[in-house]
Every structure is written in structure tokens, then in C-alpha cells.
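# Residue-level structure breakdown
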Amino acid sequence: MTMSLDWRGPFGANCIPRDSLIFENLCQPGVYLRVKKYDGGRIIAYVGQSVSLLSRFDQHLSAILALATPLRDASGTVVFSGDAGARMKAFGNLYHFVKLAAADVGRVQFFYAMCDDYFQTEHLNLAERILQSRIAERNTDVENVLSAPAGMPEDVPERWENDFSALPEASKDTLSSLLGDDVMTLDTPAANAS
């Protein structure tokens, strides 16, 4: 069985949709890529999944603005760790760190594939793992650590393909560079054991 991830977006501080139906639809489950572009064409990706994409996007942006996550400079180098000690020190030079946070939020673009009749919530962990693996294989920086799926559903799709057709051309190029155009697969623990 081949599963299709139908990608939508971008969504972010500089690309808020005007259609309120999009906001309503984003309250549904799916997988997502948080993409940040830096000088020199460097891209830093984060792969996630959520039962409410909009809520999760808000959490990401709020964490950056609250100085509760690492911040990067224009080159993509981490210049602020986001831990409690760093935040306390940042209050002494708040303007500088708020400026860094605002710049990082401005770089964020979310791309997402929502669950549907075939891609269901029990596939979210697996989809996240496959996407993380693919991006890491392609030597792109991935901010979150690869993690094995928790519990595999009985009908595990063996092949996953990406459908970028609903994206603007520049976004198609970005996701194609991150994920490639070929079908994705994951060697499950059962397959590795044989």
C-alpha cells in the first residue's frame, strides 16, 4: 500500500492565510515541517505531528518569542540555548534577544499534510519518523532527534509519497529539496529482524 502526503502551506508569520476556513481546517491532525531559511541558502527543518496543527504551530511560535527555545543568527548558528539560565541572563539585554526571536519567527514557514480517509491518526508517529529519516538522509539540518514510532498500527503503509501539487512553485522547490521526489520507505523493526 502507498500512502500519499498531500502537502499544503506555507503558513507562518509572513504568510497568514486570509481564508478563515484554512484556520478551521488546521485544527485537525496531521504531520508538518517547520522550515527556517538562513543566509547562504541554509535550511533548518523540524518534523512534527499533532492532533491540532494550528495549536502546535502556535506553540512553536510562542516558544520562540518567549525565549524558551534555541535561537539562531542570520547564518543559522545557535546563539541562544533557550534554557532557564540563558533566559534569565537575556533579561539583562532583552532588546537584543527579542530582536533575534522576532527574526527567527519571521523565518518560520510551516508545511503540513493533514490526515484523511487513508492517512489516519494512527499513522502520525510513522509518518513523522519517515519524514525525519528522509530529511536526515539528504543531509539537511533537522532540529528534532530521530525517534522510533511508538506502537505500529496493523496496516502499516510500506511506501509513502509526497504530493506537492497544491504548493506555490517556490514552496515545491523547498520541499522537494528537503524530501526528494522519490517514494519514501521505512525499514520497520520487524523487517530488520528478518
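Up top is the structure these notes are about.
Computed from a predicted structure; not experimentally measured.

## As for helix H2 (residues 53-65)
Here H2 is 13 residues long and its end C-alpha atoms lie 19 Å apart, about the 18 Å a rise of 1.5 Å per residue gives. Taken together, the buried positions of H2 are occupied by Leu53, Phe57, His60, Leu61 and Ile64. All buried residues of H2 fall inside an arc of 90° around its axis, so they share one side. Looking one or two residues beyond H2, the residue adopting positive phi is Leu67, at roughly 60°.

## What about the pattern of salt bridges?
What the rule picks out here adds up to 9 salt bridges. The partner of Glu137 in a salt bridge is Arg134, with the nearest N and O atoms 3.6 Å apart. Of this pair, Glu137 and Arg134 both sit in helix H5 (residues 124-137), 3 residues apart, roughly one helical turn. For Glu137, a relative accessible area of 56% corresponds to the exposed category. Taking the shortest distance from any N to any O, the salt bridge between Asp182 and Arg134 comes out at 3.2 Å. A residue pair is termed long-range when its members are at least 10 positions apart, and Asp182 in the loop between helix H6 (169-179) and helix H7 (189-193) and Arg134 in helix H5 qualify at 48 residues. Accessibility expressed as a relative area gives 45% for Asp182, which makes it partly exposed. For Arg134, a relative accessible area of 8% puts it in the buried group. Among the charged side chains, a network of salt bridges with common partners joins Arg34, Lys36, Arg72, Asp104, Arg107 and Glu143.

## A short note on unusual backbone geometry
Geometrically, the link from Gly9 to Pro10 is a cis peptide bond, its omega value of 0° lying close to zero. When you line up the elements, Pro10 lands in strand E1 (residues 2-11). Even without a glycine there, the phi angle at Leu67 is positive, about 60°. Its location among the elements puts Leu67 in the loop between H2 and strand E4 (71-72).

## Here's the deal with the environment of Leu33
Structurally, Leu33 can be placed in strand E2 (residues 30-37). Along the primary structure Leu33 and Leu61 are separated by 28 residues, whereas in three dimensions their C-alpha atoms are 13 Å apart. Ignoring any residue separated from it by four or fewer positions in sequence, one finds Leu33 in contact with Trp7, Tyr46, Val47, Gln109, Phe110, Phe111, Ile135, Leu175, Leu178 and Leu179.

## Side note on the packing of H2 against helix H4 (residues 94-107)
Two numbers describe how H2 lies on H4: the axes approach to 8 Å, and their chain directions differ by 155°. Classified by the angle between their axes, H2 and H4 sit roughly antiparallel to one another. Only Ala101, Ala102, Asp104 and Val105 of H4 make contact with H2, whose side of the interface consists of Leu61, Ile64 and Leu65. Of the residues contributing to the contact of H2 with H4, the split by class is 6 nonpolar, no polar and 1 charged.

The rules behind each value
Residues numbered from 1 in each chain as written. Predicted model: local features only at pLDDT ≥ 70, side-chain atom pairs only at ≥ 80, totals over all residues. Heavy atoms only, no water. Helix = DSSP H or I, 4+ residues; strand = E, 2+ residues; numbered from the N terminus. Expected span 1.5 Å × (residues − 1). Buried < 20%, exposed > 50% of the residue type's maximum accessible area, 1.4 Å probe, protein only. Arc of directions from axis to C-beta. Salt bridge = Lys/Arg side-chain N within 4 Å of Asp/Glu carboxyl O. Contact = heavy atoms within 4.5 Å. Axes fitted to C-alpha atoms, helices over the stretch in contact; angles between N-to-C directions. Parallel < 35°, antiparallel > 145°, perpendicular 65-115°, else oblique. Nonpolar A, V, L, I, M, F, W, Y, C, P; charged D, E, K, R; others polar.

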